[in-house]
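Residues per chain are reported as follows:
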Amino acid sequence: MLLKISNLSFLQKIKAIVKATKTHATNLAKFVFIYKSIRLIFKTIFNEINQHHTLISAFIGGYVVFGEKNNVNEQINMYLLSRILVGLARICQEKNLIPQTNFHVFPWFGAIVWAIVLWIFEYHQHTLQPSLQSSMTYLYHDSNRWDSIKNLLVFNK
């Protein structure tokens, strides 16, 4: 979406993509190093790794690396949050804390997610993350006004 929505030149867009990719890769490498180092310390001290060691190691790594508020970390953290919620729901089903379903839940999940995000976008847009606001503005508002294929497909407004 960066290529389509932003007011940057093509070269600036490529530089922004390379910078974001480098930040993403560097942060993941830093996190893995911190996480595995702390786990190694726990293993050395306690001669084993348990669930608490994993949580503490990841907490420290997450705080140090992904606690900095920037666009890349925000995207990674939000992506992981969605995966965590699905994983926690499955754990709850395995432990019989919530019932197994006899029907496909994913269509309902998709419908609820999109209904809520579009409602927020149309009536409380300022509460959404800026890049999501920009993308949705382009897709749902700016796309209503175009006079050539170029400003429909490449850049509008």
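The rules behind each value
Residues numbered from 1 in each chain as written. Predicted model: local features only at pLDDT ≥ 70, side-chain atom pairs only at ≥ 80, totals over all residues. Heavy atoms only, no water. Salt bridge = Lys/Arg side-chain N within 4 Å of Asp/Glu carboxyl O. Buried < 20%, exposed > 50% of the residue type's maximum accessible area, 1.4 Å probe, protein only. Helix = DSSP H or I, 4+ residues; strand = E, 2+ residues; numbered from the N terminus. Contact = heavy atoms within 4.5 Å. Expected span 1.5 Å × (residues − 1). Polar contact = N/O pair within 3.5 Å; in protein donor to acceptor, adjacent residues only side chain to side chain. Patch = residues over 30% accessible without salt bridge, like charges linked within 9 Å, V, L, I, M, F, W, Y side chains within 5 Å. Areas by Shrake-Rupley, 256 points an atom, 1.4 Å probe, with all protein chains shown as cover. Core = buried A, V, L, I, M, F, W, Y, C linked by side-chain atoms within 4.5 Å.

Novice: Before we move on, can you summarise the pattern of salt bridges with the specific residues and values?
Specialist: Per the stated rule, a full pass over the model turns up 1 salt bridge. Where glutamate 74 meets lysine 69, a salt bridge forms, and the shortest distance between an N and an O atom there is 2.7 Å. Judged by relative accessible area, glutamate 74 falls into the buried class, the value being 19%.

Novice: Residue-level account of the environment of phenylalanine 42, with values.
Specialist: Locating phenylalanine 42 in the fold gives a position in helix α2 (residues 10-46). Each C-alpha atom, one on phenylalanine 42 and one on histidine 52, is 10.0 Å from the other, the two residues being 10 residues apart in sequence. For phenylalanine 42, the residues in contact, after removing those within four places along its chain, are Asn47, Glu48, Ile49, His53, Ile56 and Ser57.

Novice: Break down helix α3 (residues 51-66) for me, citing the residues and quoting the values.
Specialist: The end-to-end C-alpha distance of α3, which contains 16 residues, comes to 21 Å, matching closely the 22 Å that a straight helix rising 1.5 Å per residue would cover. The elements touched by buried residues of α3 are α2 and α4 (71-94). The N-capping residue of α3, defined by a side-chain oxygen 2.8 Å from the backbone nitrogen of histidine 52, is asparagine 50.

Novice: I'd like a description of a nonpolar patch on the surface, backed by residues and values.
Specialist: On the surface, Phe103, Val105, Phe106, Trp108, Phe109, Ile112, Val113, Trp114, Ile116, Leu139 and Tyr140 cluster together into a nonpolar patch covering about 1200 Å² of accessible area. For the nonpolar patch, the secondary structure elements donating two or more residues are α5 (106-123) and α6 (130-140). The biggest single contributor to the nonpolar patch is α5, with 7 residues. Within the secondary structure, valine 105 is located in the loop between α4 and α5.

Novice: Tell me about the nonpolar core, and please be specific about residues and values.
Specialist: Phe31, Ile34, Ile38, Phe42, Val65, Phe66, Val72 and Ile76 form the largest nonpolar core, which has 8 residues in total. Counting only elements with at least two residues in this core, the list comes to α2, α3 and α4. Of the residues forming this core, the biggest block, 4 residues, is contributed by α2. Look past the residues within four positions of isoleucine 38 in its chain and what remains in contact with it is Ser57 and Ile60.

Note that all results are geometric; they support no functional claim without further evidence.
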